[in-house]
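Chain by chain, the residues:
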Amino acid sequence: MKQLIMGNEAIARGALRAGLGFFAAYPITPASEIMHFLAEKEGEIEFVHAEDEIAAIHMAIGASLAGLKAMTSTSGPGMSLKQEGIGLAHMMEIPLVVVDVQRVGPSTGMPTLPSQGDLIQARHGSHGDYNPLVFYPATVEECYFYTIEAFNAAEESRSPVILLLDGFLAHLSETVDLRAVKPHLKRRKLKPLGGGNRHFTGLLAREGVPLTDDSDYYRQWYTRVKNKIMTVACQYNYFEFLDNPQADTLLIAFGITARVIRPLKKAYGLFRPIRLFPVLEKELSQAAANYDRIVVIEMNDGQYAGEVQRVLRREVISLPILGGKIHLREIQEALNAL
Amino acid sequence: MLYKDYVKWSRWPTTWCGGCAIGIIFKQVTFSLERMNLPREKLTVVSGIGCSGRAAGYFNVDSVHVTHGRALPVAEGIKRGKPQLNVLVFSGDGDLVGIGGNHLIHTARRNVDLTVICVNNQTYGMTGGQMAPTTGKGIKTLTSPHGNRYSPINIQGLITANESYFYARSSAYHINHLQKAIREAFAWPGFAFIEVVAYCIENFGRRMGYRYGYEMLLKIKEIYKINHSPQGLLKDNELGILKK
Ligand SMILES: Cc1ncc(C[n+]2csc(CCOP(=O)(O)OP(=O)(O)O)c2C)c(N)n1
Ligand code: SF4
């Protein structure tokens, strides 16, 4: 059955399909509709309109520890507040999904205008070293599918997985047949609280016993957790590559930006990463190998371009689209001027 | 089950200083659990950060030690996720009332079925003894070297502002009263908050001229009196249990 639904609603439905048991959030444009939709399901799931975003993510951590699949959603200002919980969930190895519908920042910025400015925050926003999985859909159907995949990856990696999207996609309505999407669902591996004597802590710990001055152990621990996440990431190598043997330039873009530049496929190669982090190093390198020029187009001042440059170790041109406004003509002109 | 069975002896000795009030309070919790005969698998303990916040790790049950101030939201998530668990929050005044103050107001308002033990030692013990929102007026600490200019926060007022509440004030000295408060808090079908008047000898008391923890304990005995059937709110020097 085809239905006209909005990106935010597709995320909420994807979460339910994945087995969502707990949702907490604090209202914020342009993410609120996820909350509104899930509020209707109170009773079927545990739903909390929390006092703030810090509470929302910590409640989600608690619910996940208690055995429920849990999610929280927000936009940039709330994402900044959630960083504390993201770090805690990484340290305690708790599965969780965090949705960030980006708007123009910093601070309260331009609340109703879309952006892609939270990439580095999603990757590095909490203090210390960690390696989050981050997905970025580009269609309403993908919002549904990658929400489910975010839950799967969270369960497998026992870590908080981030779903990034832009305000455009969140509020875009498309006709989709969600029943035609047939995802595989990963089961919970973490045993719920109660009955044991496990200790979960944000401190560096071995088997629940804090080891806060053992640098050698820290290194072992870090390597184990990083390898665990990288291994899981390899099962989620999502991207789209429209190779164009006639073209000398490869355009890299994701989310709304990738949609807007799609008409350029006759003149350029197009690469759209869906798993933004950990960066698809092999896939990017292979795609870029036959192109003379690499251009990253994104609605921020070169956040992903920096990542691409780091991976390819060659010159990468950044084409920033700032201030929440995007037009194909402007992009075309900027490309022509290169 | 005996009180000893609720203790994770493999973690002994604790990080607490000799003579600290937290150990006394921890022990009263385990005595209360024995008296209630609460099965281990029905209990989980959540703590935030601080000396008091280390308690979660010393209970022989599944337990969680979260970030500073966030014990209540994590506990709420757990309770909603698995309502058959008794969720005990054991943390400090700085953690629950200072940095976690917003969560305290709202978890109490939502009347989430938790039992909260707030060790009120009127300072930030773990970080060296800075002023807390609970520190008395005029008291000198690392961050109020000229004397605290502010009045302490009224926790009783915060909790009893709600439509329904359980608020108890007890102390590390009045251990029978504390155990009674703990038992009643576990039995209360909603948010139950116990403020336990305590002290920190190493990072707070010494600066005020106390030499030993027990001197601070005796000071509590001297100041506080139990009101067994309070009418209305407790006076500043009273201990008691308020339910509505
Ligand atoms: C976000 C954050 N800010 C500051 C700290 C540093 N810190 C650790 S414990 C503590 C105070 C704890 O005070 P309280 O809850 O009263 O516990 P006590 O040590 O007195 O038992 C602070 C400020 C921290 N760990 N995290
Ligand atoms: S510093 Fe103070 S509160 Fe912390 S363990 Fe020592 S005496 Fe107790």
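How each quantity is defined
Residues numbered from 1 in each chain as written. Chains lettered and ligands numbered in written order. Predicted model: local features only at pLDDT ≥ 70, side-chain atom pairs only at ≥ 80, totals over all residues. Heavy atoms only, no water. Pairing = 2+ DSSP bridges. Helix = DSSP H or I, 4+ residues; strand = E, 2+ residues; numbered from the N terminus. Contact = heavy atoms within 4.5 Å. Axes fitted to C-alpha atoms, helices over the stretch in contact; angles between N-to-C directions. Expected span 1.5 Å × (residues − 1). Bend = angle between axes of the 7 residues up to and from the residue. Buried < 20%, exposed > 50% of the residue type's maximum accessible area, 1.4 Å probe, protein only. pLDDT = per-residue confidence, 0-100. 1 Å grid on protein atoms, 1.4 Å probe; cavity = no way out; pocket = protein on both sides within 12 Å on 5 of 7 lines; lining within 4 Å. Points joined across faces, edges and corners; volume = space filled by probe spheres on them. Nonpolar A, V, L, I, M, F, W, Y, C, P; charged D, E, K, R; others polar. Left-handed = near helix turned anticlockwise from the far one by under 90°. Near = heavy atom within 4 Å. Polar contact = N/O pair within 3.5 Å; in protein donor to acceptor, adjacent residues only side chain to side chain. Areas by Shrake-Rupley, 256 points an atom, 1.4 Å probe, with all protein chains shown as cover.

What about the sheet that holds strand 4 (residues 115-120) of chain B?
Thinking step 1. Taking strand neighbours across the sheet as the criterion, the nine strands line up as 10(A)-2(B)-1(B)-3(B)-4(B)-8(B)-7(B)-10(B)-9(B) in an open arrangement whose pairing is mixed. The open sheet has two edge strands, strand 10 (199-201) of chain A together with strand 9 (225-226) of chain B, and neither has a second partner.
Thinking step 2. Packed on one face of the sheet, helix 6 (residues 175-187) of chain B meets strand 1 (43-47), strand 3 (86-92), strand 4, strand 7 (166-171), strand 8 (192-197), strand 9 and strand 10 (238-243) of chain B and runs near 160 degrees to strand 7 of chain B.

So, helix 4 (residues 76-92) of chain A
All names here are of chain A.
Thinking step 1. Across its 17 residues, helix 4 extends 24 Å between first and last C-alpha, which sits within 8% of the 24 Å expected from 1.5 Å per residue.
Thinking step 2. Where helix 4 bends most, at K82, the angle is about 45 degrees.
Thinking step 3. By the burial criterion, the buried members of helix 4 are G76, G78, M79, K82, Q83, G85, I86, L88, A89, H90 and M92.
Thinking step 4. E93 sits one or two positions beyond helix 4 and adopts a positive phi of about 60 degrees.

Examining the environment of B:V197
Residue and element names in this part refer to chain B.
Thinking step 1. Locating V197 in the fold gives a position in strand 8.
Thinking step 2. The class of V197 is buried, set by a relative accessible area of 4%.
Thinking step 3. Sequence separation of V197 and L239 is 42 residues, and the distance between their C-alpha atoms is 9.1 Å.
Thinking step 4. Non-local contacts of V197, meaning those with residues more than four positions away in its chain, are made with N120, Q122, R169, S170, S171, A172, I220, Y224 and L239.

Section: unusual backbone geometry
Thinking step 1. Following A:G105, the chain continues to A:P106 via a peptide bond in cis, the omega torsion being 5 degrees.
Thinking step 2. With respect to the secondary-structure elements, A:P106 resides in the loop between strand 5 (96-104) and strand 6 (110-114).
Thinking step 3. Following B:W12, the chain continues into B:P13 via a peptide bond in cis, with omega recorded as -5 degrees.
Thinking step 4. By the element assignment, B:P13 lies in the segment before helix 1 (21-36).
Thinking step 5. Even without a glycine there, the phi angle at A:E93 is positive, about 60 degrees.
Thinking step 6. Looking at where A:E93 falls in the secondary structure, it is placed in the loop between helix 4 and strand 5.
Thinking step 7. What makes A:E93 buried here is its relative accessible area of 10%.

Remarks on the confidence of the model for chain B
Thinking step 1. For chain B, the average pLDDT comes to 98, and 100% of its residues sit at 70 or higher.
Thinking step 2. At the level of individual helices and strands, chain B shows its lowest average pLDDT in helix 7 (residues 201-205) of chain B, which scores 97, and its highest in helix 2 (residues 71-81) of chain B, which scores 99.

Observations regarding the layout of surface pockets
Residues and elements named next belong to chain B.
Thinking step 1. In this model, the largest pocket occupies a volume close to 660 Å³.
Thinking step 2. Forming the boundary of the largest pocket are 26 residues, of which N120, Q122, T134, V197 and Y224 lie nearest the centre.
Thinking step 3. Counting residues per element, the ones that place at least two in the lining of the largest pocket are helix 5 (155-160), strand 8 and helix 8 (213-223).
Thinking step 4. Partitioned by chemical class, the residues of the lining of the largest pocket number 15 nonpolar, seven polar and four charged.

Structural notes on the packing of helix 6 (residues 140-157) of chain A against helix 8 (residues 215-233) of chain A
When two helices pack together, their arrangement is given by the angle between the helix axes and the distance between those axes.
Residue and element names in this part refer to chain A.
Thinking step 1. Orientation of helix 6 relative to helix 8, taken along the N-to-C sense of each, is 145 degrees, at an axis distance of 9 Å. In this structure, the crossing between helix 6 and helix 8 has a hand that is right-handed. Residues A153, E156 and S157 of helix 6 pack against K228, I229 and V232 of helix 8.

Some remarks on the sheet that holds strand 13 (residues 239-242) of chain A
Pairing between sheet strands relies on hydrogen bonds along the backbone, with the strands arranged either parallel or antiparallel.
Residues and elements named next belong to chain A.
Thinking step 1. In space, the five strands of this open sheet follow the order 13-15-14-17-18, with mixed pairing throughout. The strands lining the two open edges of the sheet, one partner per strand, are strand 13 and strand 18 (317-320). The sheet shows a mean angle of 20 degrees between the axes of neighbouring strands, direction not considered.
Thinking step 2. When strand 14 (residues 249-252) meets strand 17 (residues 293-298), the two strands line up parallel, connected through four bridges. Directly across from L251, in strand 17, lies its bridge partner V295.

Some words on the site of ligand 1
Residues and elements named next belong to chain B.
Thinking step 1. Ligand 1 sits among 15 residues. The nearest are C51, S52, G94, D95 and G125.
Thinking step 2. Note that an oxygen atom of ligand 1 is positioned 2.8 Å from one of the backbone N or O atoms of G125.
Thinking step 3. M126 has a polar backbone atom sitting 2.9 Å from an oxygen atom of ligand 1.
Thinking step 4. Considering ligand 1 on its own, with 600 Å² of exposed area, one finds that the protein chains cover 74% of that surface.
Thinking step 5. Every element with two or more residues in the shell around ligand 1 is listed here: helix 3 (93-99) and strand 5 (123-124).
Thinking step 6. Of all the elements, helix 3 adds the most residues to the shell around ligand 1, at three residues.
Thinking step 7. For the shell around ligand 1, the residue count by class is four nonpolar, nine polar and two charged.

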